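Spelled out, the chains give:
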Amino acid sequence: MPLQLPKSSWSTTELEDLRELSRSFLQKEVVPHQERWAAEKKADRELWTKAGEVGLLCLSIPEEYGGGGGTFAHEAVLYEEQSRAGDSAWGVTVHNGIVAHYLLAYASEEKKREWLPKLATGEMVGAIAMTEPGTGSDLQGIKTRAVRDGDHYVLNGAKTFITNGFHADLVIVACKTDPDAGAQGVSLLVVETATPGFRRGRVLDKVGMKGQDTAELFFDDVRVPVANLLGDAEGQGFVQLMRQLPQERLIIAVTAVAGMEAAIDLTLEYTKERTAFGRPIFSFQNTKFTLAEAATEAAVARAFLDQCLERHLKGELDVQGAAMAKLWTTERVNKVIDDCVQLFGGYGYMTEYPIARAWADVRISRIFGGTSEIMKEIISRSL
């Protein structure tokens, strides 16, 4: 029997129908290909157009731009089902919940109508490039430079750890338009990857999330139209990033809690079926107590996540609240899945078992989207 938790307060009949669609799509188009994608370090490009055909891309983008016209709750349902399916290859959270919303919030009307419908059909895959080989959490320290030259910017630099980097047709690039202005010198430029001077480096070999195409990107005198600047002036990039990061961190929290619940379900099933010393592993007190703690962690995390999600739907989730959600859920999911691996014994370390893959996949959650240490720094500023 799976973990029994109350239905989320924000759930509706429409969202449950979407959940069924998401689950069906993932079981048909994603789950059967996990091992191959892990070996190839990327999902199939066709996955994006298939998702577009059934309406799973840009769920929370207005219909006038080709999107689903939903809310963040619609996105959350898809991300939860992806976590529960054990998939970490498809970079839909970045495409849907991050890239599309930067364009919706900051691109010109003309560019919204050019780019968003293509993201919604899967004709274009989106990525965002912030991290550099020498710069992680300190976005003010980025070296990628854009110099104005008439109606274009000339962009030079390198980015790394870029989700969807291999398949991306459109990349939002954080760069310096004024290298001497600190945070005020950061701008966001949208680069179409067919532009001369853009090139992809390696698809990186990671500890977990093996099937997700995470790549190095290089920009060598890439000429980017001034119209591709996000915002109405240079130097707005850092503020734009800060405004969008709470949703990114909430997305990570959504996947963390769903991953926690899925891991507990896997472990309950395993410990009730596998025997040791003539009885089910679940019958031992240590197993029951460990899973009782895990179930409690999941229930508390779910309640807090639902509260944060409700606030976000009302436009009330602040930077500190999002940081708390990411910090708490990612720290807890790492502990819970580690405890679950222990109950699987040696099999918990075999990659053929979903619990082992989940254990490797989830470790990055304490790093990307802002490390746990950065989350503590953000939270402390409000104390």
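Residues numbered from 1 in each chain as written. Predicted model: local features only at pLDDT ≥ 70, side-chain atom pairs only at ≥ 80, totals over all residues. Heavy atoms only, no water.

Here's the deal with the domain arrangement of the protein chain
Assigned domains within the protein chain: domain 1 (13–124), domain 2 (127–234) and domain 3 (238–381). Summing both sides of the interface, domain 1 and domain 3 together bury roughly 1600 Å²; the carbon and sulfur share of this comes to 64%. When the buried surface of domain 1 facing domain 3 is broken down by residue, Phe72, Tyr102 and Tyr106 rank first, second and third, together holding 38% of it. One can count two salt bridges joining domain 1 with domain 3. Note that Glu261 is salt-bridged to Arg84, the shortest N-O span being 2.6 Å. Those elements giving two or more residues to the side of domain 1 that touches domain 3 turn out to be helix H4 (72–84) and helix H5 (92–106). (Domains from an automatic or database assignment. Buried area = accessible area lost by both parts, 1.4 Å probe. Salt bridge = Lys/Arg side-chain N within 4 Å of Asp/Glu carboxyl O. Helix = DSSP H or I, 4+ residues; strand = E, 2+ residues; numbered from the N terminus.)

Let's talk about the packing of H5 against helix H7 (residues 237–273)
It is at 10 Å that the axes of H5 and H7 come closest, and there the two elements cross at 155°. Here H5 is positioned roughly antiparallel relative to H7, judged by the angle of their axes. Where H5 crosses over H7, the two elements pack in a sense that is right-handed. Contact residues: Thr93, Gly97, Ile98, His101, Tyr102, Ala105 and Tyr106 in H5; Gln240, Leu241, Arg243, Gln244, Gln247, Glu248 and Ile251 in H7. For the contact of H5 with H7, a count of residues per class yields six nonpolar, six polar and two charged. (Axes fitted to C-alpha atoms, helices over the stretch in contact; angles between N-to-C directions. Parallel < 35°, antiparallel > 145°, perpendicular 65-115°, else oblique. Left-handed = near helix turned anticlockwise from the far one by under 90°. Contact = heavy atoms within 4.5 Å. Nonpolar A, V, L, I, M, F, W, Y, C, P; charged D, E, K, R; others polar.)

Looking at the UniProt feature "domain: Acyl-CoA dehydrogenase/oxidase N-terminal" (unreviewed entry) in the protein chain
Those places that UniProt annotates as "domain: Acyl-CoA dehydrogenase/oxidase N-terminal" (unreviewed entry) correspond, in this numbering, to residues 12–123. For residues 12–123, the end-to-end C-alpha separation is 30 Å, with 66% helix and 0% strand making up the annotated structure. (UniProt positions renumbered as here; feature names shortened; annotations may be inferred.)

Examining the packing of aromatic side chains
The geometry of an aromatic ring pair is captured by two quantities: the separation of the ring centres and the angle between the planes. The final tally for this structure, using the stated rule, is ten aromatic pairs. Pairing Tyr270 with Tyr353 gives two aromatic rings, centres 6.4 Å apart and planes at 85°, and the pair type is edge-to-face. Of this pair, Tyr270 sits in helix H7 while Tyr353 sits in the loop between helix H9 (319–344) and helix H10 (354–362), and the two are 83 residues apart along the sequence. Looking at Tyr270, the relative accessible area reads 11%, which means it is buried. Arranged with centres 6.2 Å apart and planes meeting at 75°, the rings of Phe344 and Tyr353 form a pair that is edge-to-face. By relative accessible area, Phe344 is classed as buried at 6%. Residue classification places Tyr353 among the partly exposed positions, given a relative accessible area of 23%. (Phe/Tyr/Trp six-rings, centres within 6.5 Å; stacked < 30°, edge-to-face > 60°. Buried < 20%, exposed > 50% of the residue type's maximum accessible area, 1.4 Å probe, protein only.)

Re helix H8 (residues 285–313)
The terminal C-alpha atoms of H8, which comprises 29 residues, lie 42 Å apart, in line with the 42 Å expected from a rise of 1.5 Å per residue. Positioned one or two residues after H8, Gly315 has a phi angle of 75°, which is positive. (Expected span 1.5 Å × (residues − 1).)

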